[in-house]
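# Structural description and commentary
Chain by chain, the residues run as shown.
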Amino acid sequence: MKLYYSPGACSLSPHIVLREAGADFTLVRVDLKAKKLEDGSDYLAVNPKGYVPALQLDNGELLTEGPAIIQYIADQHPAAGLAPAPGTLDRARLQEWLNMIATELHKSFTPMFRGAGDEWKNAALDNIRRRFDFVAQRLTTHPFLMGERFSVADAYLFTVLSWTGFVKIDMSPWPALQAFSQRVGERPAVQAALRAEGLLK
């Protein structure tokens, strides 16, 4: 498999999951501004959406969208225990978290990165803070979103929380989120992913 990624972007989530799963994969770095790969070829020829992540399977098919990719990886490596079995209530709970992170947190960071006006940024920041309150409540009583065990949702949340430093969001009001980020950040697979992307020495 090939994971098309950009350092620190939302592709960090499937990168972590691939390592947690013990999957065999290669990394292909994408210049998102130029839409080019390191060899100069056109990334849009690989993924017409133009963003990461994209996972090219061994049969040549391409899978896009982070939540779909990480669930696929988990299902291909069930022994890693990264997602509950399909068709169970716990799986629906996992999807509940993934959808919330994708739509309420991930997308709320878009105006923070794209030089939006203050009004749009402030509205996005208000939404982020409300969602942080909600997630922190869960992580005050559980080490991970699904309870006692790390799942693909935690890889996604960790990735989104890592952006708070770039956009200068003070995380001191949410000690549970700070503790979560530290806890997940200490996992060997997470550290390996961060090093591979040049985000950790």
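For the structure, see preceding data.
Residues numbered from 1 in each chain as written. Predicted model: local features only at pLDDT ≥ 70, side-chain atom pairs only at ≥ 80, totals over all residues. Heavy atoms only, no water.

## As for the overall build of the chain
Inclusion rule: Runs of H or I in DSSP of at least four residues are treated as helices and runs of E of at least two as strands, each being numbered from the N terminus. Note that the radius of gyration is over C-alpha atoms, with the globule rule given as 2.2 Å times the number of residues to the power 0.38. The rule is simple: take the accessible area with a 1.4 Å probe, protein chains only, and divide by the maximum for that residue type; under 20% is buried, over 50% is exposed, in between is partly exposed. Here the Shrake-Rupley method, with its probe set to 1.4 Å, supplies the accessible areas, and only the displayed protein chains count as covering residues. Counting rule for charge: Lys and Arg are taken as positive, Asp and Glu as negative, and neither His nor the chain ends is counted. One atom stands in for each charge, and that atom is NZ of Lys, CZ of Arg, CG of Asp or CD of Glu.
Looking only at helices and strands, the chain has 8 helices and 5 strands in total. When the helices and strands of the chain are listed from N to C terminus, the series reads β-α-β-β-β-β-α-α-α-α-α-α-α. In terms of C-alpha radius of gyration, the chain reaches 17 Å, essentially the compact-globule figure of 17 Å for 201 residues. Expressed along its principal axes, the backbone C-alpha trace of the chain runs to roughly 45 × 45 × 35 Å. Looking at the chain residue by residue over its 201 residues, the buried ones come to 47%. A total accessible area of about 10200 Å² is found for the chain, and carbon and sulfur atoms account for 51% of it. Here the chain contributes 22 positively and 22 negatively charged side chains, and the mean placements of these two sets differ by 3 Å.

## Considerations on the packing of aromatic side chains
Under the convention used in this document: When the centres of two rings from Phe, Tyr and Trp lie within 6.5 Å, Trp using its six-membered ring, the rings pair. Their planes under 30 degrees apart give stacked, over 60 give edge-to-face, and anything left gives tilted. Two thresholds decide whether a charge sits over a ring: the Lys NZ or Arg CZ must be within 6 Å of the ring centre and within 35 degrees of the ring normal.
Scanning all chains against the criterion turns up 7 aromatic pairs. Seen from their ring centres, Phe113 and Trp163 are 5.8 Å apart, and the 80° between their planes marks the pair as edge-to-face. With Phe113 in helix 4 (residues 110-113) and Trp163 in the loop between helix 6 (152-162) and helix 7 (175-185), this residue pair connects regions lying 50 residues apart in the sequence. By relative accessible area, which is 5% here, Trp163 ends up buried. By way of ring pairs, the aromatic residues Phe109, Phe113 and Trp163 are connected into one cluster. Over the ring of Phe150 we find Arg187, and its NZ or CZ is 4.0 Å from the ring centre.

## Description of the sheet that holds strand 4 (residues 54-56)
So the rule is basically this: Here, a strand pair is defined by DSSP locating no fewer than two bridges between the strands.
Pairing is mixed across the open sheet formed by 5 strands, whose spatial order is 3-2-1-4-5. The sheet terminates laterally at strand 3 (36-37) and strand 5 (62-64), the two strands that pair on one side only. Across 2 bridges, the pairing between strand 2 (residues 26-31) and strand 3 is antiparallel. For Asp31, the partnering residue across the bridge sits in strand 3 and is Lys36.

## Regarding the pairing of strand 2
Put simply, the rule is: Here is how to tell: hold the view so the strands point away, follow the path from the first strand over the helix to the second, and if it runs clockwise the crossover is right-handed.
Strand direction decides the pairing type here: strand 1 (residues 2-5) and strand 2, joined by 4 bridges, are parallel. Bridged to Leu3 within strand 2 is Leu27. One crossover worth recording links strand 1 to the parallel strand 2 by way of helix 1 (residues 12-21), and it is right-handed. Hairpin geometry of strand 2 and strand 3 is characterised by an intervening segment of 4 residues between the two adjacent antiparallel strands and by a positive phi of about 60° at Lys35.

## Some points on the nonpolar core
The condition is simple: Take the buried Ala, Val, Leu, Ile, Met, Phe, Trp, Tyr and Cys residues and link them wherever side-chain atoms come within 4.5 Å; each set so joined is a nonpolar core. What makes two residues a contact is simply this: any of their non-hydrogen atoms within 4.5 Å.
Core analysis: the biggest nonpolar cluster contains 57 residues, and Phe132, Val135, Leu157, Ile169 and Leu177 have the highest contact counts within it. Secondary-structure elements contributing two or more residues to this core are strand 1, helix 1, helix 2 (66-76), helix 3 (89-106), helix 5 (118-141), helix 6, helix 7 and helix 8 (188-196). Contacts of Ile169, omitting those with residues within four sequence positions, involve Phe109, Leu125, Ile128, Phe132, Thr164 and Trp174. Membership of the second largest hydrophobic core comes to 8 residues, among which are Tyr4, Val28, Tyr43 and Ala54.

## So, helix 2
Burial in helix 2 covers these residues: Gly66, Ile69, Ile70, Gln71, Ile73 and Ala74. Looking at the buried positions of helix 2, the neighbouring elements they touch are helix 1, strand 4, strand 5, helix 3 and helix 6.

## Description of the side chain of His15
The residue His15 is located in helix 1 in this model. Taking relative accessible area as the criterion, His15 reaches 0% and is therefore assigned buried. Apart from the residues within four sequence positions on either side, His15 is in contact with Leu3, Phe25, Leu27, Ala193, Ala196 and Glu197.

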